[in-house]
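Breakdown of the fold
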Amino acid sequence: MSDLTPPAAPGAPARQSVWQNWISLAGAIITAGSLFAFLFLLTLDLAGKGERNPYLGILCYLVAPAFLILGIALVLGGAWQQHRLRTRTPDGPAPRLAIDLARPHDRWLLIWFSVGTVAFLLLTSVGSYQTFHYTESVEFCGEVCHKVMQPEFTTYQAGAHARVACVECHIGSGAAWYVKAKVSGLYQVYSVLFHKYEQPIPTPVQNLRPARDTCERCHWPEKYSGSIEVTHHRFLADEENTPYTVRLLVHVGGGSAAHGPVGGIHWHMLVSNKVEYYAADLRRQTIPWIKVTSPDGSVKVFRTDDFKGEPDPKAVRQMDCMDCHNRPAHNYSSPNDSVDEALYLNRIDRTLPGVKRAVVDLLTKTYANEEAATAAIDKGLRQRYAGKPGLDATIVAAQRIYRVNFFPEMKADWSKYPNNIGHLDSDGCFRCHDGKHNLVGDRTKGLSTECVTCHTILAQGAGADLSRVAPEGFPFKHPAGDVPDGMLCTGCHNGKNQDN
Ligand code: HEC
Ligand code: HEC
Ligand code: HEC
Ligand code: HEC
Ligand code: HEC
Ligand code: HEC
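Residues numbered from 1 in each chain as written. Chains lettered and ligands numbered in written order. Predicted model: local features only at pLDDT ≥ 70, side-chain atom pairs only at ≥ 80, totals over all residues. Heavy atoms only, no water.

Notes on the pairing of strand S8 (residues 442-446)
As a general feature of sheets, a regular strand has side chains that alternate between the two faces. Summarising the sheet, strand S7 (residues 438-439) and S8 pair through 2 bridges and their orientation is antiparallel. Paired with Asn438 across the two strands is Gly446, which belongs to S8. (Pairing = 2+ DSSP bridges. Helix = DSSP H or I, 4+ residues; strand = E, 2+ residues; numbered from the N terminus.)

Side note on the site of ligand 4
Around ligand 4 sit 20 residues, and of these His268, Lys300, Cys429, Cys432 and His433 come closest. A distance of 3.1 Å separates an oxygen atom of ligand 4 from a polar atom in the backbone of Gly264. In this structure, an oxygen atom belonging to ligand 4 sits 2.9 Å away from a side-chain N or O atom of Lys300. Partitioned by chemical class, the residues of the shell around ligand 4 number 12 nonpolar, 6 polar and 2 charged. (Near = heavy atom within 4 Å. Polar contact = N/O pair within 3.5 Å; in protein donor to acceptor, adjacent residues only side chain to side chain. Nonpolar A, V, L, I, M, F, W, Y, C, P; charged D, E, K, R; others polar.)

Concerning the site of ligand 2
Around ligand 2, the surrounding shell consists of Ala160, His161, Val164, Cys169, Thr214, Cys215, Cys218, His219, Cys321, Met322 and His325. One nitrogen or oxygen atom from the side chain of His161 is found 2.7 Å from a nitrogen atom belonging to ligand 2. Note that a nitrogen atom of ligand 2 is positioned 2.7 Å from one of the side-chain N or O atoms of His219. For the shell around ligand 2, the secondary structure elements donating two or more residues are helix H8 (215-218) and helix H9 (321-324). Considering only residue class, the shell around ligand 2 consists of 7 nonpolar, 4 polar and no charged. Both domain 2 (138-208) and domain 3 (227-328 + 419-491) contribute no fewer than three residues apiece to the shell around ligand 2. (Domains from an automatic or database assignment.)

Regarding the nonpolar core
Counting 32 residues, the largest nonpolar core has Val339, Ile348, Val359, Leu363 and Leu381 as its most contacted members. Contributing elements (two or more residues each) for this core: helix H10 (335-344), helix H11 (355-364), helix H12 (370-385) and helix H13 (391-405). Among residues more than four places away in sequence, those in contact with Ile348 are Val339, Ala342, Leu343, Val355, Val359, Thr394, Ala397 and Ile401. Grouped together as the second largest cluster of nonpolar side chains are 11 residues, Ile287, Val292, Cys432 and Leu439 included. (Core = buried A, V, L, I, M, F, W, Y, C linked by side-chain atoms within 4.5 Å. Buried < 20%, exposed > 50% of the residue type's maximum accessible area, 1.4 Å probe, protein only. Contact = heavy atoms within 4.5 Å.)

Considering unusual backbone geometry
In this structure, the amide linkage connecting Thr203 to the following residue, Pro204, adopts the cis form with an omega of -5°. Inspection of the secondary structure puts Pro204 in the loop between helix H7 (175-193) and H8. The backbone of Arg284 sits at a positive phi, close to 60°, despite the residue not being glycine. Note that Arg284 resides in the loop between strand S3 (274-278) and strand S4 (289-293). With a phi angle near 50°, Lys411 is a residue other than glycine that sits in the positive phi range. With respect to the helices, strands and loops of the structure, Lys411 is situated in the loop between H13 and S7. By relative accessible area, Lys411 is classed as partly exposed at 44%.

Here it is as structure tokens:
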């Protein structure tokens with residue numbers, strides 16, 4: 001780079017502008033390249049109306065501008081450095097950019113420079129287009145930061161939304177949310193690189209978009225679902241692994257008067273009724289205050305006795321799909337649930353005495369990592385059932401349960417990510433429907449806790465009992481005797497074995 005610091009010829013031409021230096025020139029090229037990429041991506045985004053390309057926004061509104069700023073900073077920085085050099089050595093030789101096309105060296109330099117610039121611009125556009133496609137993909141979200149996202153990715157693959165791209169729920173479309181998601185996205189990249197992320201990753205996701213912009217792009221909230229049958233195949237933790245099945249008719253109903261009676265569980269949907277609540281904890285598990293606004297504008301407030309007054313309006317959340325369906329894509333089964341399922345599907349051998357309790361106990365222990373867990377499961381079951389047929393398959397099944405539901409490195413499992421549908425292992429619906437929320441103004445009226453508000457029990461038990469079906473529903477026959485009045489299911493059930 002002989003021309004960077006040419007010897008000061010006596011009687012050198014008038015001083016050149018501070019802008020003429022290599023750093024500023026490089027800055028100018030980066031500026032031009034990113035501007036070009038920005039315009040190109042913007043065209044893509046507008047052409048696609050931003051409908052299906054949530055990640056395009058990251059590139060268009062974040063990465064390209066970042067390079068733009070970098071370019072401009074370099075232009076200014078180069079000029080500033082020039083300026084400093086000159087003020088320091090007022091009469092000294094100022095490094096400058098002098099291109100003399102008469103010099104073969106300079107001619108070549110210019111040719112290479114032009115070729116380089118054109119290639120750079122081309123690569124920028126092809127590159128940004130490819131990057132856009134890549135960042136939109138599930139691999140990018142789920143596999144790039146493999147260890148960090150492993151729990152979410154693994155559970156995602158086992159759910160009803162395994163074919164729905166992460167970005168459909170987590171970013172959605174529209175420019176305003178791009179920016180929000182992008183800023184937090186950059187922070188996430190930083191936190192992964194510098195190991196600053198929390199373990200487990202906190203839930204609920206603070207800036208998650210309202211369901212209206214994500215879930216409701218595929219799911220029609222007006223749908224009238226009526227009642228749907230849900231069957232739970234359970235097994236007791238006794239020596240016989242006694243089966244115990246509950247067939248429930250769950251009254252999902254609907255929220256739109258145009259398509260069915262407004263009522264049932266989907267009554268809460270925003271279509272007709274607006275439900276708002278205040279949660280005292282970040283995980284939204286303790287809910288002391290609820291407000292309902294009916295279509296006619298009338299308002300009802302329900303409160304627990306120990307909560308007085310009104311909550312801070314900023315902390316009030318409008319209820320949407322995700323307050324119940326908070327695990328549509330990342331459901332972590334509890335030991336109790338997953339072992340029951342494996343027993344029902346005969347993956348775990350039901351003839352092994354007390355195997356339900358044995359496997360649940362092994363899954364409930366804390367392990368340093370997956371290897372330690374699978375080794376302990378193998379050892380524990382071999383010790384207990386040495387030589388029994390069905391042992392090997394049972395070990396494989398138990399280890400598999402661990403692999404897809406427990407992630408010790410990220411401290412992620414069912415206890416950190418409770419599912420709000422139901423009320424057995426975590427309070428779920430009983431966060432509000434627990435008999436402790438009374439109507440302000442009339443304490444005799446509270447949120448319904450009647451079992452039949454939400455479901456009727458069509459059949460329960462095992463064997464012959466199960467073939468007795470009552471359309472009007474049976475009262476619940478709890479396998480361990482009557483449930484004490486006023487006690488929530490979670491008072492005893494916690495996803496592990498019940499010892500009382
Ligand atoms: C069907 C919609 C949907 C899809 C698809 C989806 N998620 Fe989620 N995700 C959610 C919801 C809902 C939550 C929990 C939100 C809450 O409770 O605030 C969540 C939570 C998360 C969390 C926070 C930890 C947690 O479990 O609460 C991470 C990280 C995450 N998702 C990553 C991903 C990745 C990576 C993918 C793709 C492999 C993905 N998600 C696909 C809906 C989805
Ligand atoms: C891109 C479209 C899409 C988006 C976005 C989406 N879903 Fe779904 N969802 C589906 C499809 C498709 C199915 C049916 C899958 C099947 O049965 O094979 C489904 C199934 C479901 C089911 C039934 C689950 C089951 O186990 O049968 C629930 C509940 C649900 N979605 C809730 C949600 C919630 C809550 C969100 C937002 C966080 C959401 N969905 C976002 C497409 C979507
Ligand atoms: C008050 C809690 C609650 C809210 C809010 C809620 N759901 Fe549900 N939803 C349920 C329950 C409970 C079921 C019954 C199925 C089950 O038990 O898994 C269900 C069932 C469903 C099903 C399967 C039944 C069917 O007809 O296919 C879909 C899909 C669904 N919900 C989507 C949504 C969407 C989309 C929203 C938001 C617009 C929403 N839900 C809001 C609790 C809720
Ligand atoms: C944030 C608090 C909250 C949560 C969580 C909640 N609900 Fe509700 N629910 C309400 C309120 C408020 C009402 C209206 C009570 C009234 O107006 O008397 C209601 C009413 C209902 C109704 C009666 C609707 C009708 O036909 O009038 C059903 C059924 C219901 N909820 C089911 C559920 C189920 C199932 C879940 C869990 C998946 C659940 N709720 C979770 C607050 C909640
Ligand atoms: C606010 C609504 C609501 C009320 C009130 C309610 N349940 Fe439930 N219950 C649910 C939902 C939702 C599920 C989960 C359905 C599913 O798994 O899809 C459920 C699940 C169950 C199950 C199956 C548990 C399992 O996992 O094996 C039983 C048993 C049950 N309820 C009994 C009762 C009894 C007994 C009462 C009355 C004391 C009651 N429920 C009151 C909403 C309710
Ligand atoms: C006082 C403690 C206690 C309370 C409260 C309680 N249960 Fe249970 N429950 C038990 C015990 C103990 C067993 C037997 C455990 C076993 O053998 O696995 C059991 C077993 C069950 C089972 C079958 C096996 C299993 O573990 O899934 C179901 C279903 C069940 N209970 C539902 C409920 C529901 C629904 C509620 C709330 C309405 C409830 N229980 C409240 C103690 C309790």
